[in-house]
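# Observations on chain architecture
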Amino acid sequence: MRPLAERMRPQHIDSFIGQLTLLGEGMPIRRWLDAGRIPSIILWGPPGVGKTTLANLLANQLNIPFQSLNAIHSGVKEVREAIQKAEQQKFFNRHNPILFIDEIHRFSKSQQDSLLNAVEKGIITLIGATTENPSFEVIPALLSRCQVYTLQPLLKDELSAILDHALEKDEILSTLNIDLQEKEALLHFSGGDARKLLNLLELACLPNEENKIQINNALIEKIASNIVLNYDKDGEVHYDIASAFIKSIRGGDPQAAVYWLARMLAAGEDLKFIGRRMIISAAEDIGLANPNALLMAQTAFQASISVGMPEARIILSEAVIYLAKSAKSNAAYLAIQSALDKVKETGNLAVPLHLRNSPTALMKQLNYGAGYKYSHDYPGNHVEQEYLPSEIKGSTFYTPQKNGVENKGS
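In this convention, every chain numbers its residues from 1, walking through the sequence in written order. The model is predicted, so local features are restricted to residues of pLDDT at least 70 and side-chain atom pairs to those at 80 or more, both for listing and for counting; the totals for chains, interfaces and linings are taken over all residues. Where side-chain values are given, they derive from all heavy atoms of the structure, hydrogens and water being excluded.

Helix and strand assignments follow DSSP, with helices taken as H or I runs no shorter than four residues and strands as E runs no shorter than two, numbered in order from the N terminus. What the protein contains, in helices and strands, is 21 helices and 7 strands. With the radius of gyration taken over C-alpha atoms, the globule rule is written as 2.2 Å times the number of residues to the power 0.38. Taking 2.2 N^0.38 as the reference for a compact globule, 410 residues should give roughly 22 Å; the C-alpha atoms of the protein span a radius of gyration of 27 Å, well beyond that estimate. Classification of residues uses two cut-offs on accessible area relative to the type maximum, computed with a 1.4 Å probe and protein chains only: under 20% is buried, over 50% is exposed, and between them is partly exposed. Taken across its 410 residues, the protein has 41% of its residues classed as buried. Intrachain contacts of the protein at a sequence separation of at least 6 include 71% that bridge at least 24 residues. Surface accessibility in these figures is a Shrake-Rupley result with a 1.4 Å probe; residues are shielded only by whichever protein chains are displayed. Carbon and sulfur atoms make up 52% of the accessible area of the protein, which totals about 22400 Å². Contact between two residues is taken to exist if any of their heavy atoms lie within 4.5 Å; hydrogens are not considered.

So, in structure tokens, the structure goes:
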């Protein structure tokens, strides 16, 4: 018998619950549907938010040939066979066949390369689904040929609607004597994941001798207590724990930072995911107060992947404690944000003539490089001159913060 989550997959786009920022009136995917076509896209979001379902519904709604591959079980051979089949299905003045690749982040570079030509020539419309940041996991050449849409964890009212719909419409649950006394625990433990919600509901509805099913918070907590760690790396909880991890490092609390690290490791979190967040924290929150922190985070990232679990836990613990105890500064983060705001405000200001490159005689005649002062010709290897465009002369982007390293170097 098919699982409840599979039985309750929507069969029409209008019965899809959630993701209104993409499917609501005037929103990106809705506009593509209204136009009768869909571009190659990457659907990025946590598990159980509808990536696979949405891909199927798009194909059904537009009556487009649809093929599906899972990156875990497929290689270049399967991709080439799918592309060959798509070429046979392609007809004049009809939408390109859709090739859906679940967990596309698990494809190697060579596997992703095998898709490029077919996407570029319009042989297929690619829909990829990933739980990992496409900027890290999808090669730039393929990413540039796709629109990236982010799917969010489902809200509690959306989960509640899915829950009520399952109890009322499912071919099995609708025939049972179910008394839903409380739903708070169901919504909480699902963590924004519809599949997890329906799996919990199905476990709670197992037959009993009394032939009456009472669902309350205590029952769900009992069921979820045995599976919560397996679930923690997915859905909203996954991102909440990562957020707590980063904020504990930022706040200088090594006890909490190690605890949240342990929660992620116990849940089977990807070591690369943890390592990336440590690198980001080292740059954003520690920065110039301790430049060695970035080296420590990068080294821990590489070493943990090289060694693997369980020993990687020691490497990560050492680095996390170091980061949490380190002096903190977000001056570099604030500086680049301020500079980007200024670029957005002022546009493409001309490079001052004395700073321009002058490799040709014509450029020299046009005074490119004229008046430039070479720092090493001056005492202390320093000379005052203007390096910014005249329109923003004197602008300040970087302000040293109160720590020994930055004050010494300012």
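This is not the end of the story, as more comes after the structure.
Moving on, we get to the confidence of the model for the protein. What pLDDT expresses is the predictor's confidence in each residue, scored from 0 to 100. Across the protein, pLDDT averages 88, with 95% of residues at or above 70. Confidence drops under pLDDT 50 across residues 228-236; counting only partners more than four residues distant or on other chains, this segment forms 21 contacts.

What follows deals with the side chain of His354. Structurally, His354 can be placed in the loop between helix H19 (331-346) and helix H20 (361-365). Two N or O atoms form a polar contact when they lie within 3.5 Å of each other; inside protein one atom must be a possible hydrogen donor and the other a possible acceptor, and for residues adjacent in sequence the pair counts only when both atoms belong to side chains. Within the structure, the side chain of His354 is placed 2.7 Å from the backbone oxygen of Glu386, a separation counted as a polar contact. Apart from residues lying up to four places away in sequence, His354 is in contact with Gly369, Ala370, Gly371, Tyr372, Gln385 and Glu386.

Right, let's get into the pairing of strand S4 (residues 125-130). In summary, the side chains of a regular strand alternate between the two faces of the sheet. Across the 6 residues of S4, 6 count as buried, placing the element largely inside the fold. Covered by surrounding structure in S4 are Thr125, Ile127 and Ala129 together with Leu126, Gly128 and Thr130, the residues of both alternating faces. Strands pair, by our definition, only if DSSP identifies at least two bridges between them. Where strand S1 (residues 41-44) meets S4, 4 bridges bridge the pair, whose relative direction is parallel. Bridge pairing links Leu43 to Ala129 in S4. Note that strand S3 (residues 98-102) and S4 share 5 bridges and pair parallel. Considered in S4, the bridge of Leu99 is made with Leu126. Handedness is read with the strands pointing away from the viewer; a crossover is right-handed when the path from the first strand over the helix to the second is clockwise. On the question of chirality, the crossover connecting S3 to the parallel S4 by way of helix H6 (residues 109-120) is right-handed.

Attention now moves to unusual backbone geometry. The phi angle of most residues is negative, glycine excepted, and most peptide bonds adopt the trans form. Of note, the bond from Met309 into Pro310 is cis; its omega dihedral lies within 30 degrees of zero at 10 degrees. Relative to the elements of secondary structure, Pro310 occurs in the loop between helix H17 (292-307) and helix H18 (312-325). The phi torsion at Asn63 lies on the positive side, around 55 degrees, for a residue other than glycine. Position of Asn63 among the secondary structure elements: in the loop between helix H4 (51-62) and strand S2 (66-70). The exposure class assigned to Asn63 is exposed, which follows from its relative accessible area of 59%.

Below, the discussion takes up the sheet that holds S1. The strand order S2-S3-S4-S1-S5 describes an open sheet built from 5 strands, whose pairing is parallel. The sheet is open, and its two borders are formed by S2 and strand S5 (147-150), each paired with just one other strand. Geometrically, the sheet is characterised by an average inter-axis angle of 20 degrees between neighbouring strands, direction not taken into account. Inspection of the sheet shows S2 paired to S3 by 5 bridges, in the parallel sense. Bridging from a neighbouring strand, Ser68 pairs with Phe100 of S3. All axes are obtained by fitting lines to C-alpha atoms, using only the stretch in contact for helices, and the reported angles, taken between N-to-C directions, cover 0 to 180 degrees.

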